[in-house]
Amino acid sequence: MPLILTEEQTLLQDAADGFLSERAPIAHLRQLRDSRDADGVSRDLWRAFGEMGFSGVVIPEEDGGSGLGAVEAGVIAESLGRTLTPSPFMGSSVLAATVLKTAGSEAQMAWLVKIAAGEAILSLAVDEGPKHAPARIATRAERSGNGFKLNGAKGFVLDGHVADALIVAAQTDEGLTLFLIDPTTPGVTVERTVMVDAHNAARVTLSEVQVDADAVIGAVGEGQGPLDAALTLGRACAASSLVGAGDQAFKTTLDYLKTRKQFGKLIGEFQALQHRAAHLFTELELAKAATLAALQAIDAGHPDAEQAAGIAKAKAGRVAELAVQEAVQMHGGVGMTDEFDVGLFMKRVRVLNELLGDAHFHAERLARAQGF
């Protein structure tokens, strides 16, 4: 399949870029950060996402969504990376929606309608340590009465402090199981953690949390499949956001090279900086191609889609890191001042790199999958 967007996907990209540039530019992030907004995200903007059809991009039409695919989700994620917009899109529209549409009951899938409308925020609670490690989940769910009792702790739960519902991964005697839990349930403690990039996550503690059997998503012990599907799409979309952030940092730097003068010349005329810019351009194109290939593989149901998403996440992460480092260096000392946006891109890229596994995590997974 050609590694280019279709006409319809290009129109969606233009719509997303235009909408976010107007409604949620970088100034929007600064306003939420500087005002110490209690939520750190705008519910009004999230509802507007629903009106535009963005929040329901991977949700089937019969459940109120747009019925599109992974490539379209990546397009929106890339636009979010360009504007650094704090949004529940990744946690709700990508991770939670994928779990629910893959294995949710009829009652649980009612949340899809609310997500698509931008009326609800859901969060997937998986990781428990400082690094992404979905294979090492220690949270336990023991049978109790007609349901389960959960104990454990989760970290890096995207927008968990404003979530209307939590999807929690826990171990049962039968294996990994996913639970849909009301965050107001007794025993659930949610603590907001403002990250270095002014985006939001939360720590969730579960202490003797009693839930009914209908809280189980899918079947007991069969949560690995839906979780893997969500993480695969999430990694590809995170790669898209990294590409968006890296590309925008690069464009901002090009503009600076064309206007900043030193020794009576535009600094963009210096050959050394031209070489660095050319190298970065080619690396960004490779990252874009790897990311689009992964998204297309997911839509096609290709058996190697999971590996492709990991490769895209690792490549996009390394390239975006290079892009923001070059941006700061080429701007000089002012690059890390708050007045200039490039420092904000560096912080965002650092967080996105950790989200759903950094380059080392995915390199190791690929090596193990290849028998090394």
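Refer to the preceding data block for the structure.
Read on for a plain summary of the structure. Each residue is numbered by its place in its chain's sequence as written, counting from 1. Under the rules for a predicted model, residues below a pLDDT of 70 receive no local features and side-chain atom pairs below 80 are neither given nor counted, while totals for whole chains, interfaces and linings still include all residues. Values shown for side chains rest on all heavy atoms present in the structure; no hydrogens or waters enter the calculation.

1. Quick notes on the packing of helix α1 (residues 7-23) against helix α3 (residues 43-52)
Applied cut-off: Here, axes are lines fitted to C-alpha atoms. For helices the fit covers the stretch in contact, and angles between N-to-C directions go from 0 to 180 degrees. Put simply, DSSP H or I for four residues or longer makes a helix, DSSP E for two residues or longer makes a strand, and each gets a number counted from the N terminus. For classification purposes, angles smaller than 35 degrees are called roughly parallel, those larger than 145 roughly antiparallel, those between 65 and 115 roughly perpendicular, and all remaining angles oblique. Here a crossing is taken to be left-handed if its near helix is turned anticlockwise relative to the far helix by less than a right angle, and right-handed if that turn runs clockwise. Whether two residues are in contact is decided by their heavy atoms, any of which lying within 4.5 Å being enough. Note on residue classes: Ala, Val, Leu, Ile, Met, Phe, Trp, Tyr, Cys and Pro are nonpolar, Asp, Glu, Lys and Arg are charged, and everything else, Gly too, is polar.
Two numbers describe how α1 lies on α3: the axes approach to 12 Å, and their chain directions differ by 155 degrees. Put simply, α1 runs roughly antiparallel to α3. Note on packing geometry: the crossing formed by α1 with α3 is right-handed. Counted together, F19, L20 and R23 of α1 and D44, L45, A48, F49 and M52 of α3 form the full contact between these two elements. Each residue belonging to the contact of α1 with α3 can be placed in one class, and the counts come to six nonpolar, no polar and two charged.

2. A word on the side chain of K313
We count it as follows: Exposure categories follow from relative accessible area, calculated using a 1.4 Å probe and restricted to protein chains: below 20% of the type maximum is buried, above 50% is exposed, and the middle band is partly exposed. Under the convention used here, Asp and Glu are negative, Lys and Arg are positive, and both His and the chain ends fall outside the count. In the sections that follow, a salt bridge refers to a side-chain nitrogen of Lys or Arg positioned within 4 Å of a carboxyl oxygen of Asp or Glu. Any pair of nitrogen or oxygen atoms within 3.5 Å is treated as a polar contact; in protein, a donor-acceptor pairing is required on top of that, and neighbouring residues in sequence qualify only through side-chain atoms on both sides.
Within the element layout of this structure, K313 appears in helix α9 (residues 305-331). No salt bridge is formed by the buried K313, whose closest oppositely charged neighbour, D358, lies at an N-O distance of 7.3 Å. A polar atom in the side chain of K313 sits 2.9 Å from the backbone oxygen of L355. Not counting residues within four places of it along the chain, the set of residues in contact with K313 comprises R235, A238, A239, L242, L352, N353, L355, G357 and H362.

3. With respect to unusual backbone geometry
One non-glycine residue, F156, adopts positive backbone phi at about 55 degrees. Counting through the fold element by element, F156 comes out in strand β3 (residues 147-158). A positive phi angle, close to 60 degrees, is found at L356, a residue other than glycine. Mapped onto the elements of the fold, L356 is located in the loop between α10 (342-354) and α11 (359-369).

4. Observations concerning the nonpolar core
Rule in force here: Note on terminology: a nonpolar core comprises buried Ala, Val, Leu, Ile, Met, Phe, Trp, Tyr and Cys residues joined through side-chain atoms within 4.5 Å.
Core analysis: the largest hydrophobic core is formed by 89 residues, its most contacted members being F49, F89, M90, L95, L122, I167 and I217. The greatest single-element share of this core, amounting to 13 residues, is contributed by helix α7 (residues 224-257). In contact with L122, other than residues within four places in its own chain, are G91, S92, A96, L100, W111, I115, A165 and L180.

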